[in-house]
Amino acid sequence: MNTPESPLNFVLDGSELPFAPGETVLQAATRAGRYIPHLCWHPDFAAHGSCRLCHVKVNGRLVASCTQPASAALEVESDTEEINAQRKTLLQMLFVEGNHFCPSCEKSGNCLLQATAYQMGMTGPHFEEFYPDRPVDASHPDILLDLNRCILCSLCVRASHEIDGKNVFATGGRGRTRHLLVNSDSGRLADTQLTLDDRAARICPVGAILPKRRGFAIPIGQRRFDLQPLAPTPPKVLP
Ligand code: SF4
Ligand code: FES
């Protein structure tokens, strides 16, 4: 219960969680060490609200936790069988929409899509693969762009615009034809100002934007999610 003296709290999966005014449910949960699955959200950027992995039930209604303002009246459900089943379906759709060959991907073990799929108990694609014909742009001397793995989270677009001030990336098309674009006359990465130091070159949560000549510097089995897989955080009872 919130009183004038007590910190502001809402309830997440049955336990109270404090929040600061102006925070979203996902921001407050992350700050408190509670993990709500997400793909297009990053703490350094405004929410994009496109991947739908972060959806939770708030007072019985499904909403994106990355855009839902936290408030004291909220009863939030995230780690439930029903919501996790919906997340698994979304992941299965993402996997068949692109071409994700995890065993041969340099990002394997560091990939948020792969780690979230493991977390949700995904053991196979379930749906028939689209096998879309997507290009690989290897024109840049230092950076590879493989659109087969792009999940259109738009983080590279936001990073290039908001942090690097370059607008190297954009998105175009709608629905199934929506895709990532490179902002240059030729449409090739080599003809942009992108450099390895750019935030946009390092923020991709999957293996779509990768530095060249750095393959397997950290062996498979010793990477971020190999060492610490994503797992639902146990409900924490706050004093
Ligand atoms: Fe997101 Fe990576 Fe695709 Fe950019 S290239 S939209 S960061 S998945
Ligand atoms: Fe909220 Fe993607 S993290 S919609």
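Here the structure is a predicted model, which is why all the values come from computation and not from measurement.

A.B. asks: Honestly, unusual backbone geometry in this entry has me stumped. Any pointers?
C.D. replies: Comment: phi is negative for the bulk of residues other than glycine, and the bulk of peptide bonds are trans. Even without being a glycine, Arg-52 presents a positive backbone phi close to 70°. Among the structural elements, Arg-52 can be located in the loop between helix H1 (25-31) and strand E3 (55-58). For Arg-52, a relative accessible area of 43% corresponds to the partly exposed category. Of note, the phi angle at Tyr-131 is positive, near 45°, even though the residue is not glycine. Structurally, the position occupied by Tyr-131 is in the loop between helix H3 (112-119) and strand E6 (136-137). A residue is classified by how much of its surface remains accessible, and Tyr-131, at 52% relative accessible area, is exposed.

A.B. asks: Explanation requested: the sheet that holds strand E7 (residues 143-146) in the structure shown.
C.D. replies: Sheets are built from strands that pair by backbone hydrogen bonding, the pairs being arranged parallel or antiparallel. Ordered by their spatial adjacency, three strands build an open sheet running E6-E7-E10, and the pairing between neighbours is antiparallel. Both edges of this open sheet fall to E6 and strand E10 (209-211), since each of them pairs with a single strand only. In this structure, E6 lies alongside E7, joined through two bridges in antiparallel fashion. Each residue of the ladder has a partner; that of Asp-137, found in E7, is Leu-145.

A.B. asks: What should I look at first to understand the pairing of strand E8 (residues 169-172) in this one?
C.D. replies: In terms of strand pairing, E8 meets strand E9 (residues 179-182) through four bridges, oriented antiparallel. Bridge assignment links Phe-169 to a residue of E9, and that residue is Val-182. The hairpin formed by E8 and E9 contains six residues between the paired strands, and Gly-173 there has a positive phi angle of roughly 80°.

A.B. asks: Whenever I open this one, the sheet that holds strand E5 (residues 75-77) confuses me. Can you help?
C.D. replies: Strand order in the open sheet made by the five strands is E2-E1-E5-E3-E4, with mixed pairing throughout. Either end of the sheet is taken by a strand with one partner, and the two such strands are strand E2 (15-18) and strand E4 (61-64). Between one strand and the next, the sheet's axes are offset by a mean angle of 40°, whatever the strand orientation. Relative to E4, E3 runs antiparallel, the two sharing four bridges. When the bridges of E4 are listed, His-55 appears paired with Ala-64.

A.B. asks: What is the right way to read the nonpolar core from this model?
C.D. replies: One recurring pattern in soluble globular proteins is that nonpolar side chains are buried together. Counting residues in hydrophobic clusters, the biggest one holds 42 residues, and the most contacted among them are Leu-39, Leu-113, Leu-145, Phe-169, Leu-180, Leu-189 and Leu-194. Breaking this core down by element, the ones donating at least two residues are helix H2 (81-97), H3, E7, helix H4 (155-162) and E9. Look past the residues within four positions of Leu-113 in its chain and what remains in contact with it is Leu-39, Leu-91, Leu-94, Phe-95, His-100, Ile-151, Pro-205 and Val-206. Counting residues in hydrophobic clusters, the runner-up holds 20 residues, among them Phe-10, Ala-32, Trp-41 and Val-63.

A.B. asks: Where do I start with the pairing of E7 in this structure?
C.D. replies: Between E6 and E7, which pair antiparallel in sequence order, lie five residues. Bridge analysis of E7 against E10 gives three bridges, and the strand direction is antiparallel. Residue Ile-143 lies in a different strand from E10, and its bridge partner there is Pro-211.

A.B. asks: In this structure, what is going on with the layout of surface pockets? I would like to understand it.
C.D. replies: Any space left empty among the atoms is revealed by the rolling of a water-sized probe across them. There is about 800 Å³ of room inside the largest pocket. Along the walls of the largest pocket sit 33 residues, with Glu-97, Arg-134, Ile-151, Leu-152 and Arg-178 positioned nearest its centre. Secondary-structure elements contributing two or more residues to the lining of the largest pocket are H2, E6 and E9. Here the residues of the lining of the largest pocket sort into 20 nonpolar, six polar and seven charged. Reported here for the second largest pocket is a volume of approximately 570 Å³. Forming the boundary of the second largest pocket are 22 residues, of which Tyr-35, His-38, Leu-112, Arg-224 and Phe-225 lie nearest the centre. Grouping the amino acids of the lining of the second largest pocket by side-chain chemistry returns 13 nonpolar, six polar and three charged.

The rules behind the values
- Each chain has its residues counted from 1, running along the sequence as written.
- Following the order in which they are written, the chains are lettered starting with A and the ligands numbered starting with 1.
- Selection of residues for local features in this predicted model requires a pLDDT of at least 70, selection of side-chain atom pairs for listing and counting requires 80 or more, and totals for whole chains, interfaces and linings are taken over all residues.
- The side-chain values count all of the structure's non-hydrogen atoms but skip hydrogen atoms and water molecules.
- We count a stretch as a helix when DSSP gives it H or I for four or more residues in a row; a strand needs E for two or more, and each element gets its number in order from the N terminus.
- Only protein chains enter the calculation, and the probe is 1.4 Å; a residue is then buried if its accessible area is under 20% of its type maximum, exposed if over 50%, and partly exposed in between.
- Here, strands pair whenever DSSP counts at least two bridges between them.
- Orientation is described by axes fitted as lines to C-alpha atoms, over the contacting stretch for helices, and by angles from 0 to 180 degrees between their N-to-C directions.
- Here, nonpolar core means buried Ala, Val, Leu, Ile, Met, Phe, Trp, Tyr and Cys residues that are tied together by side-chain atoms lying within 4.5 Å of each other.
- The criterion used for residue contact is that any of the two residues' heavy atoms lie within 4.5 Å.
- In this analysis a 1.4 Å probe is tested at points of a 1 Å grid over the protein atoms alone, and where it fits but cannot get out there is a cavity; an open set with protein on both sides within 12 Å along at least five of seven lines is a pocket; lining residues have an atom within 4 Å of a point.
- Grid points are joined across faces, edges and corners, and a volume is the space filled by probe spheres set on the points.
- In this classification, Asp, Glu, Lys and Arg are treated as charged, Ala, Val, Leu, Ile, Met, Phe, Trp, Tyr, Cys and Pro as nonpolar, and every other residue, Gly included, as polar.

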